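Secondary and tertiary structure notes
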Amino acid sequence: MELSSGFYGRSNPHMLSTSGGKAMGKLIEATHEPAGVEINMKPVLDIVEDIFERATPAAPGAIKQVDASEPDERALHYSSLEQMMDVLSATINRISCEITYRLSIGEDAHSTTLAVAQIVKGYSWDAKIVLALAAFAMTYGEFLLVVQLYATNPLAKDVALLKQLPEILTRADLLKPKFDTLANLINAMVVVAKCTVEFKGLPSKYIRPEDPELSSANADIPSAVYWTIRSTVICSSQIMGLINMGHEFLSSTTDAWELSSLTHNINSIYNDLVEKLNRCRQRINERKDIEAFETLVRLFDAVHIDNMKILKALIYAKDDQPPLWDGTTKQRVSIELLRRKSVLLLISDLQIPEKELIILEQIYNESRVQPTRIESQYEVIWIPIVDRSSTFDDTMRKQFESLQAMMPWYSVGHPSMIQPAVMRYIKEVWGFNKKPLLVVLDPQGRVVNPNAMPMMFIWGSMAFPFTKLREEALWKEETWRIELLADSIDPSIINWLTDRKFICLYGGEDMNWIRKFTTTAKAVAKTANIELEMLYVGKSNPRERVRRNMTNIELENLSHTLSDISLIWFFWVRLESMWHSRAQHGVTVRNDLIMQEILTMLGFDGSDQGWAVISRGADEMARAKAETFLKSLEEYTAWEAAAAEKGFIPALNDHFRSLRTEHHCNRLTLPGISVAEIGSIKDTVVCVDCGKPMEALLMFRCCTD
């Protein structure tokens, strides 16, 4: 039989261009007459892909071995596929016969493609592609069975003789390149088919045909259908050429260009479709996230009998593994362990300060010493917020695991368990913005405090159950006294208070002033016959200079120092926490002594010079900047008589006031205030020296030693 050039269906170069491809798509679109029957083509495509994978050509007789111990996942679909094939098999056979007949009479590939399009005109776009691929898979699979079994199976050998294959089967060296080229085109067709099937399966709830992402893809799919069907026709012609022309066809290179061009064209179609598919997925995910966010809002507004719905909505459990990691036992555990318990959500990114973790760990561990106490009836879960737009690489994984290993409480098993909608809720509703939060959920899952970090730092576990009402009650019990200011940063303070000693806390970085101040203070205390204990508390965000000062103070026996530099940081962060806590309850500087004193202390820290505060008991306290305090002590003889009459601290305060000048400059750095939040400060901040409103200025600072 002599085959015309049309048998190979060579393409016109114009047809492979963008405009030519669109035109071919229009021709296919003109044949589209959907019958309205929806069929899930994925099981059929799975079988087709399986045929192509298993039919990989090898040397004749070299049967491809399949490990019988490995489960065949696609076999699970076979039972459901049988009923589907009752409907589809006739169409698949008809396509195969149509292609074989038309190619055998020398019809060109374009006409054959349109003929196949007529057969599948009533099917959906994805079904058209999968049915055409299925028809070719039968031809391809049957031919490769003979190739694989020729040398070992008598039946296969007889069939090969009738098909005149022995000559080419002995030339495996020429057979492999031909099928490698075919395999590239087949792989390209399969991924395009998968893409169209996935488009068909997109959830209409979240994306509609009129959406630009899907509308653009739908406009291109007819062209993809045309070129995929055409490629099956060309591939079928290659198999028929091998059967009918044997060695002469095998050694021919006249079709290499067309196969490569078709592969390039199909790959270009796939790249375009997959880009649009990704945009569709993005739109779907955005709408799912919006829906999930709105669901979360409604969930927090609802009343629940326990906290399980809330916790399970916040932490997405996957892979059927327990979602929580227990920092004590180092094992995955069920979220059910937290049912009807007060839960504190520690929310942070992967840059959470180690000092904060150390303090939180100390407070948490102290609460576990007596687990039956009311103050111990809470649990903590770390919720890591990781930007989904950046790849969670090995560096981030190690950073996450390192932080997780430091925590004795619960944490999520992996950052991916915090879904985008939950992250949005945490940022928009709870106001998370890099600075760690401690959100408190009561046993019913209600938010009773959007950030208990300040009260945790101020009162520790004594603040349980960490509600706003508890915070108000604790403040009502407080006055400005050394116990509130210094808390338990040094165990000696309690003993000093019990012994009614004068306690002096001082700070700053100027070592020369520290030497003069401590020496003068000791001398005055001896003259005034008072017992004085002094403690250096440095400066917020302590650096190397503060560390050196602590060493020198200890070596020169100038005063007491804290046992660890992190306690200096904690002293100042407690003051910042007090400011946040009071501000959240609407307390103003003008009408609140505690707020005035907090801002005074923070103002001291914001200055370049040292400072000191001296106290005895709960109601006597004096404080001043470095120069004022040192000068007052040096002028002790001027107010010594007043000290004997009024008391040391009242007389010292009177002398401070006598030294106050009209011209002065105070600076105050309000902690934790972002640029966006400056305008939200409702209270006018006044100067602690003169009571006049302070001017607000924006400052950017890089602190180095």
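Residues numbered from 1 in each chain as written. Predicted model: local features only at pLDDT ≥ 70, side-chain atom pairs only at ≥ 80, totals over all residues. Heavy atoms only, no water.

1. Some points on the overall build of the protein chain
Convention followed: Secondary structure is summarised from DSSP: a helix means a run of H or I of at least four residues, a strand means a run of E of at least two, and numbering begins at the N terminus for each. Only protein chains enter the accessibility calculation, which uses a 1.4 Å probe; a residue whose area is less than 20% of its type maximum is buried, one above 50% is exposed, and one in between is partly exposed. Only heavy atoms enter the contact rule, under which two residues are in contact if any of them lie within 4.5 Å. Per-residue accessibility takes into account occlusion by the displayed protein chains alone, with areas from the Shrake-Rupley method and a 1.4 Å probe.
The secondary structure content of the protein chain amounts to 26 helices and twelve strands. Relative to its full complement of 705 residues, the protein chain shows a buried share of 49%. The long-range fraction of contacts in the protein chain, counting pairs at least 24 apart against all pairs at least 6 apart in sequence, stands at 73%. Carbon together with sulfur atoms contributes 52% to the accessible area of the protein chain, which is approximately 34,500 Å² in total.

2. Description of the nonpolar core
The line we're drawing: Side-chain atoms within 4.5 Å are what join buried Ala, Val, Leu, Ile, Met, Phe, Trp, Tyr and Cys residues into a set we call a nonpolar core. Domain ranges listed in this record stem from an automatic or a database domain assignment.
Ranked by size, the top nonpolar core spans 100 residues in total, and within it Leu346, Phe466, Trp480, Leu505, Leu575 and Phe648 carry the most contacts. No other element matches the eleven residues that helix α22 (residues 565-584) contributes to this core. The residue makeup of this core includes at least three contributed by each of domain 2 (307-461) and domain 3 (478-663). When near neighbours in sequence (up to four residues on either side) are disregarded, Leu346 contacts Ile352, Leu357, Leu360, Val380, Ile381, Trp382, Ile383, Trp409, Leu437, Leu438 and Met453. Residues Leu175, Trp227, Val274 and Leu277 belong to the second largest nonpolar core, which totals 80 residues.

3. Quick look at the packing of aromatic side chains
What counts, and what does not: Here the aromatic set is Phe, Tyr and Trp, taking the six-membered ring for Trp, and pairing holds for ring centres within 6.5 Å; pairs whose planes are under 30 degrees apart are stacked, those over 60 apart are edge-to-face, and all others are tilted.
Per the stated rule, a full pass over the model turns up 30 aromatic pairs. Geometrically, the ring pair formed by Phe52 and Phe136 is tilted, given 5.9 Å between the ring centres and 35° between the ring planes. Here the residue Phe52 occupies a position in helix α2 (residues 42-54), and Phe136 occupies one in helix α5 (residues 125-149), the gap between them amounting to 84 residues. You can call Phe52 buried: its relative accessible area is 9%. Looking at Phe136, the relative accessible area reads 0%, which means it is buried. Between Trp459 and Trp475 the ring centres are 5.1 Å apart and the planes differ by 75°, which places this aromatic pair in the edge-to-face class. Here Trp459 is found in helix α16 (residues 453-459), whereas its partner Trp475 is found in helix α17 (residues 468-476), with 16 residues between them in sequence. Pair check on accessibility: Trp459 and Trp475 agree, each one buried.

4. Some points on the packing of α22 against helix α23 (residues 593-606)
Going by this rule: Under this scheme, a helix contributes an axis fitted over its contacting stretch, all axes are lines through C-alpha atoms, and angles between N-to-C directions fall in the 0 to 180 degree range. These descriptions rest on fixed angle ranges, namely under 35 degrees for roughly parallel, over 145 for roughly antiparallel, 65 to 115 for roughly perpendicular, and the rest for oblique. Here a crossing is called left-handed whenever its near helix is offset anticlockwise from the far helix by less than a right angle, and right-handed whenever the offset is clockwise. Residues were grouped as follows: Ala, Val, Leu, Ile, Met, Phe, Trp, Tyr, Cys and Pro as nonpolar; Asp, Glu, Lys and Arg as charged; and all remaining residues, including Gly, as polar.
Packing of α22 against α23 leaves a shortest axis separation of 10 Å and a crossing angle of 140°. As far as their axial angle goes, α23 and α22 are oblique. Crossing hand, α22 versus α23: left-handed. Seen from α22, the contacting residues are Phe571, Trp572, Leu575, Glu576, Met578, Trp579, Arg582 and Ala583; seen from α23, they are Ile594, Met595, Ile598, Leu599, Met601, Leu602 and Asp605. Residues belonging to the contact of α22 with α23 are distributed by class as follows: twelve nonpolar, no polar and three charged.

5. Regarding the pairing of strand β6 (residues 437-441)
Going by this rule: Between any two strands, at least two bridges found by DSSP are needed for them to pair.
Along β6, five of the five residues are buried, which leaves the element largely enclosed by surrounding structure. Residues Leu437, Val439 and Leu441 of β6 are buried on one face, and the alternating residues Leu438 and Val440, pointing to the opposite face, are buried as well. Relative to β6, strand β3 (residues 342-348) runs antiparallel, the two being bridged by five bridges. Across the sheet, Ile347 pairs through a bridge with Leu437, a residue of β6.

6. Considerations on the pattern of salt bridges
Test applied: We count a salt bridge whenever a side-chain nitrogen from Lys or Arg sits within 4 Å of a carboxyl oxygen from Asp or Glu.
With the rule as written, the count across this model stands at 40 salt bridges. Of the charged contacts in the structure, one is a salt bridge between Asp272 and Lys276, with a shortest N-O distance of 3.3 Å. Within this pair, Asp272 and its partner Lys276 are both found in helix α11 (residues 256-301), separated by four residues, close to a single helical turn. The class of Asp272 is partly exposed, set by a relative accessible area of 29%.

7. Some remarks on unusual backbone geometry
The residue after Phe464, namely Pro465, is reached through a cis peptide bond having omega 5°. Mapped onto the elements, Pro465 comes out in the loop between α16 and α17.

8. Examining the side chain of Asn451
Put simply, the rule reads: In the analysis that follows, any N or O atom pair within 3.5 Å is treated as a polar contact, provided that within protein one partner can donate a hydrogen and the other can accept it, and provided that, for residues neighboring in sequence, both atoms belong to side chains.
Checked against the element boundaries, Asn451 lands in the loop between β7 (447-449) and α16. There is a polar contact of 3.0 Å between the side chain of Asn451 and the backbone nitrogen of Leu438. Filtering out sequence-adjacent residues up to four positions away, Asn451 remains in contact with Pro436, Leu437, Leu438 and Gln584.

9. Details of the pairing of strand β4 (residues 378-384)
The condition is simple: Looking down the strands as they point away from the viewer, one classifies a crossover as right-handed if the path from the first strand across the helix to the second runs clockwise.
With seven of its seven residues buried, β4 lies for the most part within the structure. Going residue by residue along β4, you find Tyr378, Val380, Trp382 and Pro384 tucked away on one face and Glu379, Ile381 and Ile383 tucked away on the opposite face as well. As judged from the seven bridges shared by β3 and β4, these two strands associate in the parallel manner. Within β4, the residue paired with Val343 across the bridge is Glu379. As a crossover connection, the stretch from β3 through helix α13 (residues 354-369) into β4 is right-handed. Strand direction decides the pairing type here: β4 and strand β5 (residues 410-412), joined by two bridges, are parallel. Counted as the bridge partner of Trp382 is Ser411 from β5. For the handedness criterion, the β-α-β arrangement of β4, helix α14 (residues 394-406) and β5 is classed as right-handed.

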